[in-house]
Structures are given as C-alpha cells and as structure tokens.
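Okay, here's what each chain looks like letter by letter:
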Amino acid sequence: MGKRPFLGWFVTPGALCALGFAAAMAAVLQYAFRAHIPGSLEVGGFTWANFEGMLRPLYATVFLQTVWLCALTAFFSLLLGYPLAHALVHARSTAWKSVLLVVAVTPLFLGEVVRTYSWLTVLGNSGFVNGALLWLGLIDGPIQFMFTRFGVALALVHVTLPVMVIMLAAALSHIDRDYERAAHSLGAGPVRSFLTVTLPLSMPGILAGTGTAFAWTFSAFATPQIIGGGRVNMVSNLVYQLGFSSFNFPFAASLSIVGLALTAAVLGLLRIGTMRLERVGT
Amino acid sequence: MAAEPRPALQVDGVTRRFGAVTALADAWLKVPPGEFLTLLGPSGCGKSTLLNLIAGFLEPDQGEIFIDGALVTEVPVWQRGIGMVFQNYALFPHMTVAKNVAYGLAARRVPREEAARRVAEALALVKLTGMEERKPRQLSGGQQQRVALARALVIRPKLLLLDEPFSALDRNLRGAMQVELREIQRSLGIATVFVTHDQGEALSMSDRVAVMSEGRIRQVGTPEAIYRRPADRFVAEFVGDVNRLPARLVAVEGETALVECGACRLSVPAAPLAAAAAGTAVDLFLRPEQIRTAPPGTPGLTEAVVAARAFHGDHADLHCDAPGMAQRLLLRVPGHAAEGPGARLALLPDPSADAVAFPISG
Ligand SMILES: Nc1ncnc2c1ncn2[C@@H]1O[C@H](COP(=O)(O)OP(=O)(O)OP(=O)(O)O)[C@@H](O)[C@H]1O
Ligand SMILES: [Mg+2]
C-alpha cells in the first residue's frame, strides 16, 4: 500500500459498501431483540420474546414449509439439471450446445417478477396447461395449480435451474473424459460407467449445486407471493407481512435472522460433507 | 503351407477423416497372436486415431476391423474385450488400487472370490502387492502406471492397447518399465499394439514396427528391417540417424541397383528406384556407423573436415563438413579414435553397409 497510495482510492467504494451492509445487518440484529410496541414504529427494550414467538405453530409451520419447499426445489432442480448439464458438457455440435445453454440459462435473465407472471399464464385455471388438457378432453374441469405448493415448487425449480445447471456443468466439465473411456474399455456400458464413475466424481458439484439451490430458494419472495397468493407462505413472505402490514419490525427482523442462520447452517453442513468427500475420494 | 494362425487384430483398409483432415488413410495391418506391434510416427500422424479406431472410441469412415477373427467395426468399446492403458493412466481417483483393478471384473460379473484372487495375481504380476488399499494419488507415477497395466490385464483381454504409456515417466523409470512391460507381455503371450513417437523405444521393444506419417502406414517390419531397409525416404530419416549423400543411379539389376557416389559404387535395394532411369541423380542414405574414415586422398565417397567431436564413452560422434553438401555429415567412430576438430578425412562406405537410395523427391 505504502508505495501505491492510489490503491486506497480503489478500495474506498468497496469499503463503503461493506460498511453500509454491516450497518444494515447490525440494525436488523438489534431490532430482533427489541420489544414491539403495537401501533408504533418505535421499539421497546431488550427481549427474547420475538424468538419465543416464532415457536408458535402458525410461524413454525411457515419455517417447516420453507425448508420443505427448499428441499423439494433443490432435489427437483438437481433431477432436471443433471441431464441438462450432462448434455451441455458432452454435446458434440456447438449449435446443440448453444441451444442447451440458452434453454438452461434464460430464466436467469428474465427477472423474478416477469418470470413468475409468465407462470400465471401457464398454470392458471384458464392457462396453457389446463386449456390444453381440457381441449384434449383429458380432464373435465381445470386442475388447481395456482395457490398450491406444487405450483410454487414448479416455479421455484424454474428459477433455480440455471444456477444448478451452471454449477453441475462446471463440475462435469472438469471430469477427464478418459475416466469414462477407461470404464468403457474395461467392459462397462454407458449406464454402469455413469453410475460408478461419472456420478461419484461429480458428487462435489452435486453438493455445491444442491446447497446453493437450497440457499437461493430460501430467500425466494416474488414466486411464493404471486403463485402462492398468500396460501403458500415462505419465510420471506412472512417477514414482508409482519414488516409492512403489521409494522412489527422486531419480529420481522428476528425471523430474518433465524432464516439467515438456518441457511448458513445448511451451507456449513454441505461444506463439511464436501470436505469429507475430498478427503476420501479424488 | 500350414494355415496362418488367426490374427489377434486385423485392420482392413481403414480410413478416418475429421472434417477436411484425413487422420488415417487406408490403413492395413495384421497382428498375429502374441505379437508386440508398435505404431511409430511423429506427432499428428494418426497413431492415436488408429488406436482409438481399434479400441472402438472412433468409428471408421471406411474399412473393417477384426479382433481375434471377429468383425468388431460396429461393436461398442465395452464389448470388444480389449485392455487399454491411457497416457495419463486414467485411474479412477475415487477408488482404491484394488477397486480400480477389480473394475473390469465387476463389469463382467466375475464372482467375488475369483475376482479377489485375480486382482491379487494381477497386482503381484506388476509387483504392487500390499498397495491394495491406497488411492491412486498416493502412488508415484511409475506405480500408477503399473496399476493401469494390472487393470487392463486382469480382464484377460484379447488385445492390449497402449497409447504413449511412458511419456510421463522420467528416463530411468521409462527404461525399467519398457523392460518390465515387455517381460509381462511375453509371459502372458498377449497381442499388443503400442503407440509411441520415440523411435528408440519402438526399436528396442517391438517385434514389429509400423512407421506412420501423415495418416499413412509407411512401412511395417521388424525393427531391424525398418532400420536397415527403410522402404522410403521418410522412414529412413525418421528412424535412427542417417546421412544423405548425392549419388547417381548406374544400373538396375533385378533386386538390386547400383549407385555411384564420389569414387564408390554401392549396391542398394532396387524397389524404391523402380521408376528412375539410369544416370539420374538419387539420394544415397548411409547410417553414421556405416561410414569409415581414411587418410585424405583415398578415393571414397567424399572428403570432409571434422567440425566437432562429441564423446559418448564407447563411441564418438564426428560432425563433418563436406564440400557441396548442405547438411553436416554424422560419423560414429570408436571412442578411442583420435580424429578431432580440424582433421581432414576421406570417407568410405563400410563394406557390409546396408545402403539405400531414393529418387530425389520432386
Ligand atoms: N477429434 C478430432 N477432431 C478433429 N481432428 C482430429 C481429432 N482427433 C485427431 N484429429 C487430427 O487427426 C490427426 C491425427 O491425430 P492423432 O491424434 O491420431 O495423432 P497422433 O499421431 O496420436 O499424434 P500425437 O503423437 O501428438 O499424439 C491430427 O491432424 C489431428 O489434428
Ligand atoms: Mg496421440
């Protein structure tokens, strides 16, 4: 630093941002331990009450529901993302590669609200799916997708898929193709060589992808808000309702803190899992 | 005549193109049981392409491939019954040595006890007993090489394929592995196709060598035949050191032709000169050890001046300048010979020299 004083100027914006974030976090943290004064934006003295309140079934269910939806989303985006990533990495023609990449990654650029509204036109009672099924005569009345956990999960998978595909593709592209070729030369067909070689070697990518998908989904807001329509709530929807409908900032803050801690815990567990994998394998 | 034994490998007119590049053009090859055949050639000549076609990792555009008498052109890799050793070994990093070696047996559903016995045998064969529970990354390069070999051999393949297996090893280890591979291969009597761009390795290890260049097999023969009677200019220059001298074709008499170089007449194989007329200029090729020195003034191939001398213990290399020759000539003389830089010499062909001559390429 001493010889290059100008470096200090480059660091300043970053340092300011970090300071801002830290201040915001500190504010949220201290709000979480303050008493709520109904009908007022002012907060009272120190209390544990917010965290105790969370144990009430009404709120505990939302937490469980969120964790369940995150797990479902992570699982199904893995299930869908793996073949996509595999095809993307192993595609022979560049044209086919580009098509796969576009399909896999576009959801990332659509913006959450636009993407979620487009699901309305697909899943709604007069939407594309129900319209098609009715027209084919496969169903008599529209199937309820909107405001169901299934609908929310479907839209969440769509949001998470690009991240999953990118992380899995990164992991798969780092596996030397010679391993697969060696397996083939030893008499293993495509299924056996996939199950015994490619899949285990891509395990770190699977863990990283699932962990990220889980954390990514935990903070979902617009999707459960619009598709869930208040009937399928996740932690962020609860925070929103408490903060902006009841103006109970302390409780909203404590929910956010617990949500954050939970996400961190899940990521930490996955990290340990990955480290163990690395010690045993590769 | 007794019926020829069924070849372990037969490649019939195989061609493979990548876009505009013809990686392999009309290759014909027959490997009898138990033979160690080496594909030798410079980088990019199509050695790996041919090996991958045999293994089934690539499909030919034309031609057929037979392994142990069976047509396998359309058979997938995992049903060809081959054993393959990769340049980077490709040991499965998440499996122990024992699991790696057992992989091909598991794929063949060999019963557990028999598999354990065969894995132990294979590891003993490559002198790795006691390493069963190690992971590949806990082994040295040479040990990984042996595991790869054990893994390929334990399935008792009909054909063993190796693509530059020693290129990652240091020189001493490489020499030891060459001897060891050859010993194992001979004791098992397994037909082997070995790829290398190292001509020393090819000459020292092989029963026969197929020299390749630009997608074509130029010559197939024993190391001695390749060295002493190269079929064309490329083989002569690629395999071993060689001197090129200007000469003139005198006459063709049946199998041999007579060429004149300086004051000397030498007989050479006639086949490469079939299209040349008497009196035309040809290139004469002589190995460094096939040229003798004599006092200046002796009628011979040419006169030369020693420019540099490199001592190698049992022999010394003399780099000589000769009038009218663009390239320096290389002579291999006994280590005790006295000629040093600046010495004038007359050069004569060794009476037993296997000289070859080729038309000047146009
Ligand atoms: N998959 C491929 N796609 C396009 N061209 C290829 C492919 N594989 C090989 N080639 C080309 O075919 C030719 C022969 O390649 P090959 O790998 O067989 O050479 P090689 O003799 O094994 O060389 P090296 O000693 O460098 O390994 C080269 O010109 C190479 O560029
Ligand atoms: Mg090669």
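Residues numbered from 1 in each chain as written. Chains lettered and ligands numbered in written order. Predicted model: local features only at pLDDT ≥ 70, side-chain atom pairs only at ≥ 80, totals over all residues. Heavy atoms only, no water.

Another point: the pattern of salt bridges. For the structure shown, the criterion picks out 22 salt bridges over all chains. Bridged by salt links that share partners, the residues Arg233, Glu237, Arg244 and Asp283 of chain B form one connected network. (Salt bridge = Lys/Arg side-chain N within 4 Å of Asp/Glu carboxyl O.)

Together, Phe6, Leu7, Trp9, Phe10 and Val11 of chain A make up an exposed nonpolar region whose accessible area comes to about 600 Å². With respect to the element layout, Val11 of chain A can be found in helix H1 (residues 7–31). (Patch = residues over 30% accessible without salt bridge, like charges linked within 9 Å, V, L, I, M, F, W, Y side chains within 5 Å. Areas by Shrake-Rupley, 256 points an atom, 1.4 Å probe, with all protein chains shown as cover. Helix = DSSP H or I, 4+ residues; strand = E, 2+ residues; numbered from the N terminus.)

On to the confidence of the model for chain B. Confidence along chain B averages 93 in pLDDT terms, with 99% of residues attaining 70 or more. Across the interfaces of the predicted complex, the ipTM metric reaches 0.88, alongside a pTM of 0.85. (pLDDT = per-residue confidence, 0-100.)

What follows is about the packing of helix H3 (residues 57–90) of chain A against helix H4 (residues 94–105) of chain A. Residue and element names in this part refer to chain A. For the pair H3 and H4, the least separation of the axes is 8 Å and the interaxial angle reads 150°. One finds that H3 runs roughly antiparallel with respect to H4. Considering only the axes of H3 and H4, their crossing is left-handed. Of the residues in H4, those touching H3 at Leu84, Ala87, Leu88 and Val89 are Lys97, Leu100 and Leu101. When its residues are assigned to classes, the contact of H3 with H4 shows 6 nonpolar, no polar and 1 charged. (Axes fitted to C-alpha atoms, helices over the stretch in contact; angles between N-to-C directions. Parallel < 35°, antiparallel > 145°, perpendicular 65-115°, else oblique. Left-handed = near helix turned anticlockwise from the far one by under 90°. Contact = heavy atoms within 4.5 Å. Nonpolar A, V, L, I, M, F, W, Y, C, P; charged D, E, K, R; others polar.)

With that settled, consider the environment of Gly243 of chain A. All names here are of chain A. Looking at where Gly243 falls in the secondary structure, it is placed in helix H13 (residues 235–244). Taking relative accessible area as the criterion, Gly243 reaches 3% and is therefore assigned buried. Linking Gly243 and Ala253, residues 10 residues apart in sequence, is a C-alpha distance of 8.3 Å. Setting aside chain neighbours within four positions, we find Gly243 in contact with Asn248, Phe249 and Ala252. (Buried < 20%, exposed > 50% of the residue type's maximum accessible area, 1.4 Å probe, protein only.)

A few words now on unusual backbone geometry. A positive phi is found at Phe147 of chain A, a non-glycine position, where the angle reads about 60°. Using a relative accessible area of 32% as the deciding quantity, one classes Phe147 of chain A as partly exposed. The residue Asp68 of chain B is not glycine, and still its phi comes out positive at about 55°. Its location among the elements puts Asp68 of chain B in the loop between strand S4 (62–67) and strand S5 (70–71). What makes Asp68 of chain B partly exposed here is its relative accessible area of 29%.

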